[in-house]
Structures are given as structure tokens and as C-alpha cells.
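# Topology and contacts: notes
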Amino acid sequence: MKIIIIGAGKVGYQIAKTLSSENHDVIVIEKDELIRQSVKNSLDVLTIVGNGANVRTLEEAGIRQADMIIAVTSIDEVNMIACMIAKQFGVPKKIARSRNPEYIYNNTLFREQLGIDFIINPEIATTKEIVNLLKSPVNAAQIQDFAEGRVQMFELKVEESSPFVNKQLKDFNFKHHLLVVAICRGDKIIIPGGEGKIILGDNLYILVEKDRFSELNKITGKKPVNIQNVMILGGSEIGIQSALMLSKQGINTKLIEVDKEKCEKIVERLPHTLIINGDGTNIDLLQSEGIEITDGFVAVTGYDEDNLLVALLAKHLGSKKVIAKVSRVDYIPILEKIGVDAVVNPRMTTASAILRFVRRGKIISLTLLKEGKAEVIEWAAQPASKIINKPLKNANLPKNSIIGAIVHQNRVIIPHGNDIIQPGDKVIIFTLASDIKKVERIFDGRKR
Amino acid sequence: MKYKIVLNTIGNILFFLGLSIIFPLIYAIYYQEQVINAFILSIIITTVSGLLLRKFFSSKEPIGPKEGFAIATFGWISAAGFGTLPFLFAGTFSNFIDAYFEAMSGFTTTGATVLTAIEGNPHAILFWRDQIQWLGGMGIIVLVVAILPALGVGGMQLFKSEVPGPDPDKLKPRIKETAKLLWLVYIIISALEVACLYFSGMSLFDALTHMFGTMPTGGFTPRNLSVGAYNNPIFETIIIIFMFTAGVNFTLHYKVLHGNVKSLIKNREFLFYSGVVLISIIAVTTELRLYIYNSFFTALRYASFQVVSIATTTGFVTADYNIWPAFSKSVLLILMFIGGCAGSTGGAIKNIRIILLLKQAYRELYKLVHPQAVTPIRLGGKTVSEEVIRNITGFFFLYVLIFVTCTFIMSALGLDILSAAASVAATLGNVGPALGLAGPTHNYAFIPDLGKITLIFCMLLGRLEIYTVLILVIPEFWKK
């Protein structure tokens, strides 16, 4: 596929990196020469310097032959105009990032007038992720839905409270609806067999049928968390949206924002939330606002460092579940080690959502894990696929991938060697980035 | 520095190089020549060395900029090293330095020879000597990038370290596709030249070997008297056209083959290059008509061939320009420095750099008048980044510095000033025949070993455009 990406910020870069490694022809348009140079030197893509809303630039990028355009500059209007031009040139698929929530409600304008097939709002996508994490009774670092929510993947940290530390996976007496698909240890992601051992500090990726998470709490050794009170630090768009979404579901929300004028505006939008004007990095303020009795703490200011430190502080002061927003991807690998329960990164969330859309078709859904080192792919099994109608143990899957779940006519199967995939089933596969192509070949069934 | 991936990739280069020795072997078998065993042995040694390197240093690490430079430089050094095997086994040269000089001269498309008698060597040896130019022309590393599965960004690093020009273009989003297309265009034009020469009466062997000399702007021929041996204006015309073509950026050729002829006329470098060639032909023709030849057409015939041959850094010879008047000789000497276009198979400084250097020089003068002026350098309507300008001025300085240093070395070894300077200019610019003692009717055999080693180094520096090689000399490069 020939894909034009406009804007080589973090999101554009991540998408370009993933798509070019999958042998798509990627053309990146970036207006900043320095950024363009760095993309040129680190990715196997064609780079063009220019404005993505300029017809000439787009023509130079070969928009006439393009199969898809992904507009992810930081300016909504540029993204919209780029998609509009793409519509004129008959580009089949158009994706735009839009940060201004005012635009997002204008659905007909987007879809019909501008011809945008998929709009992603990073703030709303991140908010959904935060709310999902908060509402789950399990204290997970990440939750992803598959097969229309029938299967969920949890990322759990193994802490001292877990009874499974230093035990082998086969010793666990799980009922059938749970599978540890991967263990993340330090930098490495391991696909464990039954012999795999769990050690302190591991992160486990577990696929489970929806609502069967009682087992998960056994693994962490913690009581289920029921969130009633949430404190939000930072009146950013994500903060506001989170407060809105949570309070709609009957959860008590408090929002702390340091800027007085901003507070006044926020109050208008959040009638059911207590807005506090103050410095959230101040421990006295947190304590006087009852941090020790809050169940969930969400730090979403514009500063990564503040978010992390205050989230740690909140955890220390007794908050049950703390989530921090971090914009710099480089920090993420160490964060979960230091005690924050979950980290959200709007850019990775956006990139992930766009990639999911790009590959839609036979692939229904996809999630990037650990900065793209691994992926979870949901596949609709095709009749031509090589893996159909034979026991999985004979399927010859590559060594760094595992089938996590099969959804057969609305029934979730956590598979064993003797299970069989039939056409029309949805299959959820966990695979390391190195094996993606092999997996695709097996599932696609056609030679490329 | 990741040694494993460097050695692994060099293994790949050697493996493919070894396979390419099959072509001269076919000629050896066809002509029933004594050297069959020499070629079989060379194939085995080269491919097996390549395979061993590949096997023992398998690595999945990505190729970074450092590795790219190391692979290019050591890849070329070792390719030339293994390229000497057929010469050594067949006994073409008695000592290694001569064989290495000839191989490096071939790979770098210089065309400077140390063979005193070319005719009389077995066909297979002559074929191999010419074929290595063709491999080196578009580039052995570009070939490896085109053949090897997904090198990804690493491919770009390799590509940049070999393709001439300050900022190589990509034709396609993926570097592998770009490399494939460039080789395809190269093969198409090469085939066209073979066809033209063959159908105008050259034997297939001569047509192939002359194409091997023309397309990479090399200059080796299987004849003692070079192209002059045929004394055939039709051959000369064909070769002039193809030499000129080979001196043009191959991305432009691709665009033209794709029906975009306008891009050729719009390209500033192409226009400048054509202008330089045209003016030089007119100037030299005029002088030759006045002082040497009686007829205008004879003057034009020799002047145009020699000017195009030197300007594109090919180095074919139809006339002994050593005996031409001083002005014509200095035109040729200056052309040795300018060379072809970026992204072509031509050598030397390249027209694009000359254009930008001129613009930069003018800008400095302009700035003296308007010190506050904001004056970006534009080329064909696009602003050239200061980074590129800095890169080019640095390149030019290093080019001159190397030229001066090596000229000192050559004169210290006893060469007269003209021969010393011209031999360095002709090897650094990958031209071939120089002026004076190493002129068109002579060769480089008389130069002492130390001088040959100096010139070998010049050829490598010239082909890989200095930076790629010199960066390895900086201690900073090897620090962890």
C-alpha cells in the first residue's frame, strides 16, 4: 500500500515506523526541515519537506496513486484540509487527528464534506483508556478489549503480594478461561510455555474472557478495587473529559488546577465535579482534600515530571490506583517499576488507534505493546488461511507468537493444542514484532 | 561499532562478487583459454570467504551510520582485494601491488592501468578487468542493498555512503526499491549501448567490454590504443553519447524513461553539466583547428571525444592530448576536477557541488555589500539547507587538501610537477589517463610502489567521496 503521512511528530513517526517495517510504501510530509532530516536518517521512507495542506506538496508526494492518507499534524485545520484535498484526488482512505473536541461532534462535516473515514482525538481516546483502567476491579497497568469486548487483555504487575512469585505457570490451577500470553521482564518480552516461571517485578499479559477477572485478583494477591472517589490533577482536556465521563457514571470527582482563570472556565463545563484551585504538587493541599481516602488518582497536567511525582506521592499517601499521563515515550519503560499503577501516553494511544484502523480488514483490531516491540492482533479467520481446520499443535506457528483466544460463534475459547480454528472465527494472537510477517503469512494463506 | 553486522554485510558483498566471476569464466571456457582454473579457483575462494563471513558473523543488529561507513570502505577495500585473484592466479601481474592497483582502478571506475601490453592477455582476463568497472559504477553496495532482503534504514545508511553527491535522492519510499530501480535503469542503458555498438559493427566481446568502460565512466578497454584503435567515427559517436549519458544523474534517467522529459530540462545540474561540456568542446575545437588539425571536423571529432571522455571521468582515448597546445590541456585538467553529476557513475567533485560553491562564493561577496541580508542559497527554486552547503565547502577543502598532499608525495618520488599533479587529479577524480608521463599513450606502470599505493588511496577516496573513507581515520569514530 502507498501511504502518505502528514506530520512527523511522535504519532506520525510511530505510524511511519510501523508501516514501513511492514513493507508499505510510506511517504512522510513534514514542514520542519530538521525533523524531516531525522526521519530521513532513521526510517526507510520517502520524506518531503512542505505543508501537507498544499496541493503541490501532496502531488509531489504522489497523492494520485496513494491508497491512504494519514494527517497527524498538530494543527487540526491542516489535517482537515489535507483530507479534503485527498478526497478531491480520490484517495480511498483518509484519517485525521483532531484535537479540538468542538470539531469532533460535527460528524457530518467530517465524514461527508471532508470525506474523513476515521477521526482520532488523542484526548478522548486517552480519556477512555483512563476510565477503563479506573473502572476495572483489577489493578491493571493496561486493559485492551478484543472481539467487541468479549475478550480482554490485562497487563498485571507481579508484586510481593502475589502468591505466584517464583512459581511455574503450569502450577497455577486456572480454570480454562485464562491464558498468560507473555511475560515482560526488563526489556524482554517472553512467550512462556508451561515451564515459564514468574518472578518478582514481571509484567504479565493475560487474555481472559470478559468479566471473569476474579482469577486475576488471585494472581496479584490483592482485593478487588471498587472506585468511588477519584481525584484528578490538572485541568487539561484529558482531565476535563475524564471528570465528565466518570461523574456521568456516578463516581465522585475532584479536579485540582493551579490556574485560576482556567478553573473558572472548567467549572462551566463540569457542574458535577468539585473544582479546586490550588497547586496539586503541594502535599498539604492533597492531604486536606483527602488523598488518603480517594480510590483513584489521575495525574494529567502538561508536565510529565509533575504527573509522575505526584502520582507516586498519591500512591504513597494511600490512593489505591494511580494513573499518570506521560508524553515522553522514553520514560515509559522505567515508570511501572517505580510504583505507578498505570501510565497513559496519548501519542501511543493515538498511533495504536490509527494503526488499528489502517490494518482493518482481515485484521479487526490491533494493539501495540511496549513501544511496538509486540503486538496483539485480532484476526477474522479466512478460508484460505493455512491454520484453518487443523489442531493448533500442528499449525507451525512461529516461536515468538501465541494464539491467546478464539471466539467461535460468540463463545470464547482459550485454546489448547487440540483446538481447531474454523473459518469465520475471530482469533487473537500475541506476537513479537520480529514474527509479525510470518504470522501474517500463515493467517493470510496467500503467498506475497 | 557493531563488527558483526559489518563483517556479515561484507560477506554478502564478497559472495555476490564471487558469483559474478562466472561471466569471465564463460569466456575462458568459450575461448578454451589456459586461465579456466584460475577463474574457478577465484570463484571458489571469493564465494566461500563471503559465505564464511556471513555464517560466522550473523547478526540482526541494525546498520547505523558508523556501520554504513565501515561497510562501504572495508567492503570496497576487500572487493578490490578479492578482485585481484583472477589476475594473480592467471599470472597477469607478478606483484600484488600492481594487481591491486588494476583492480582498485577498475572498481572505482578510474581506468588507470599498469598493464604495459593489454592486447595479448586472455579474453577472460580482459573481460574481468572491464567487468569490475561495471560493478563498481552503479556500486557494489547499492547492488547488495537491492538484492538483500529488507535492510530497512540500514539500507539507507549504506546507500548514502556509496552513492555520489551531497544528498542522494530516493526514487521510491523504500530504499531497496530505489536501489533496484537504479540498477535496472543502469542495465537498460547498458544493454542499449551494447546493442548500438554491436549493430554498428563491433564484435560482441568488444561491444560488451567497451560498454563496461563507458557506462560506469571507467575507461578500461581491451585495446592498447583504447577507443582510438578502431579509428571509427561511428563507434566514437556512440561512445560519446553514452559517456555523456552516464555522467548524468540516474534518477533523472529514470524520470525520463518514465516519460517525464521535462525534469531533465528543469534540472539545474544537468544544464550546467551540458553547458560545461559544450563550452569546453567549442574552446578545444577552436584551438585544435588553429594549431593542430587542418579540418574543422577532425578537430571537432577529437576535441568532443576527449572533452566528454575527461569531463565524465571516463578516460577513453582517441588522440594523444599530451601533444595538444597548453590551453586545451589545461581545459582537460580542469575538467578532471569537475566531473559528472551527483547520482551518476562519473567521479570527481561533481557539477552540483561546483554550482553551489559558486553560489556560496557569490553570497559571501554579496554579504560584504549587504551585511544584514538574509540570503538563502536556492537551486531550481528550492532552498538548499546550510547543512548541505557546509558539507560541500568541507568536501571541497578536503578534496583540494588531498590533491595537494598527494601531489607532494608524487613529486617527492621523482615525478615532474605536471605528471605528479595530473596523476593525482586523474586518480582522485576517477578519470584514468592523466597528462605528462602518465598521459593518454602511457600508463602508470613506471610509478614506484609507494606512489601506486598513494594513487590507490586517491581512487578509493574519490569513488566513495572522501568523507566515507576519512571518517574511519578519526579516532572519535572508534571510541565506544
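Quick caveat: nothing in here was measured; it's all calculated off a predicted structure.

Across its full length, chain B holds 23 helices and 2 strands. For 480 residues, the compact-globule estimate of 2.2 N^0.38 gives 23 Å, and chain B sits close to it at 22 Å. Expressed as lengths along the three principal axes of its C-alpha atoms, the size of chain B is roughly 65 × 60 × 50 Å. Burial analysis of chain B (480 residues in total) assigns 54% to the buried set.

This brings us to the overall build of chain A. Scanning chain A for helices and strands turns up 15 helices and 22 strands. Rg of the C-alpha trace for chain A: 23 Å, near the compact-globule value of 22 Å for 448 residues, within the 12% margin. The dimensions of chain A, computed from C-alpha atoms along their principal axes, are 60 × 60 × 40 Å. Considering chain A as a whole, with its 448 residues, one finds that 47% of them fall into the buried category. For chain A, long-range pairs separated by at least 24 residues make up 60% of all intrachain contacts whose partners lie at least 6 apart in sequence.

Residue and element names in this part refer to chain A. Following the sequence through the fold, Gly404 ends up in strand S20 (residues 401-408). Considered as a pair, Gly404 and Pro415 are 11 residues apart in the sequence and their alpha carbons are 6.9 Å apart. Apart from residues lying up to four places away in sequence, Gly404 is in contact with Leu179, Val181, Leu207, Ile428, Ile429 and Phe430.

The next thing to look at is the sheet that holds strand S2 (residues 25-30) of chain A. Residues and elements named next belong to chain A. Spatially, 6 strands are ordered S3-S2-S1-S4-S5-S6 in an open sheet, and the strand pairing comes out parallel. Only two strands of the sheet have a single neighbouring strand rather than two, namely strand S3 (46-49) and strand S6 (118-120). For this sheet, the mean inter-axis angle between neighbouring strands, taken without regard to orientation, is 15°. Relative to S6, strand S5 (residues 93-97) is paired through 3 bridges, and the arrangement is parallel. Residue pairing in the sheet places Ala96 in a bridge with Ile119 of S6. Of the strands in this sheet, S2 and S3 are in contact with helix H2 (residues 33-42), which crosses S3 at around 175°. The strands touched by helix H4 (residues 76-88) within the sheet are strand S1 (2-6), strand S4 (68-71) and S5, with S5 carrying the most contacts at an inclination of about 170°.

What follows deals with the nonpolar core. Ranked by internal contacts, the top residues of the largest apolar core, which has 194 residues, are Ile4, Ile5, Ala16, Ile69 and Ile70 of chain A together with Val142 and Val145 of chain B. Other than its neighbours up to four places away in sequence, Ile70 of chain A contacts Ile3, Ile5, Ile15, Ile95 and Ile354 of chain A. Core analysis: the second largest hydrophobic core is formed by 89 residues, Val181, Val407, Leu432 and Val439 of chain A among them.

With that settled, the discussion passes to the sheet that holds strand S11 (residues 203-209) of chain A. Residue and element names in this part refer to chain A. Reading across from one edge, S7-S8-S11-S9-S10 is the order of the 5 strands in this open sheet, with antiparallel pairing throughout. Of all the strands in the sheet, the pair left with one neighbour each is strand S7 (142-146) and strand S10 (188-190). Looking at each pair of strands side by side, their axes are set apart by 20° on average, direction ignored.

Quick look at the domain arrangement of chain A now. Taken domain by domain, chain A holds domain 1 (2-120), domain 2 (143-220) and domain 3 (229-344). Just the C-alpha atoms count here: the centres of domain 1 of chain A and domain 2 of chain A sit 38 Å apart.

This part is about helix H18 (residues 351-369) of chain B. Residues and elements named next belong to chain B. Under the 1.5 Å per step criterion, the end-to-end length of H18 is 28 Å for 19 residues, consistent within 8% with the ideal 27 Å. For H18, the set of buried residues is Asn351, Ile352, Arg353, Ile354 and Leu356. Residues of H18 that are buried in the fold lie against helix H15 (268-291), helix H17 (326-338), strand S1 (377-379), strand S2 (382-384) and helix H19 (386-412).

Turning next to the interface of chain A and chain B. Listed per partner, the contact involves 10 residues of chain A and 10 residues of chain B. When residues in the side of chain A that touches chain B are grouped by element, the largest group, 3 residues, is from S2 of chain A. Taken together, the residues of the side of chain A that touches chain B break down into 5 nonpolar, 2 polar and 3 charged.

The next subject is the pairing of strand S8 (residues 151-157) of chain A. Residue and element names in this part refer to chain A. With 6 of its 7 residues buried, S8 lies for the most part within the structure. Pairing analysis gives 5 bridges linking S7 to S8, with the strands arranged antiparallel. Within the sheet, the bridge partner assigned to Phe146 lies in S8 and is Val151. Where S8 and S11 come together, 7 bridges link them in antiparallel fashion. Bridged to Phe154 within S11 is Ile206.

A few words on helix H9 (residues 153-162) of chain B. With 10 of its 10 residues buried, H9 of chain B lies for the most part within the structure. Lining the buried residues of H9 of chain B we find H2 of chain A together with helix H4 (65-83), helix H8 (140-147), helix H10 (175-199) and helix H22 (467-470) of chain B.

Turning next to the pairing of S3 of chain A. Residues and elements named next belong to chain A. One ladder, built from 4 bridges, connects S2 with S3; its direction is parallel. Its bridge partner being in S3, Val28 is matched across the sheet by Thr47. What joins S2 to S3 is H2, and the crossover it makes is right-handed.

Scoring rules and cut-offs
- Residues numbered from 1 in each chain as written.
- Chains lettered and ligands numbered in written order.
- Predicted model: local features only at pLDDT ≥ 70, side-chain atom pairs only at ≥ 80, totals over all residues.
- Helix = DSSP H or I, 4+ residues; strand = E, 2+ residues; numbered from the N terminus.
- Rg over C-alpha atoms; globule rule 2.2 N^0.38 Å.
- Buried ≥ 20, exposed ≤ 12 C-beta atoms within 10 Å, placed from the backbone.
- Contact = placed C-beta atoms within 7 Å.
- Pairing = 2+ DSSP bridges.
- Axes fitted to C-alpha atoms, helices over the stretch in contact; angles between N-to-C directions.
- Core = buried A, V, L, I, M, F, W, Y, C linked by C-beta atoms within 7 Å.
- Domains from an automatic or database assignment.
- Expected span 1.5 Å × (residues − 1).
- Nonpolar A, V, L, I, M, F, W, Y, C, P; charged D, E, K, R; others polar.
- Right-handed = clockwise from strand over helix to strand, strands pointing away.

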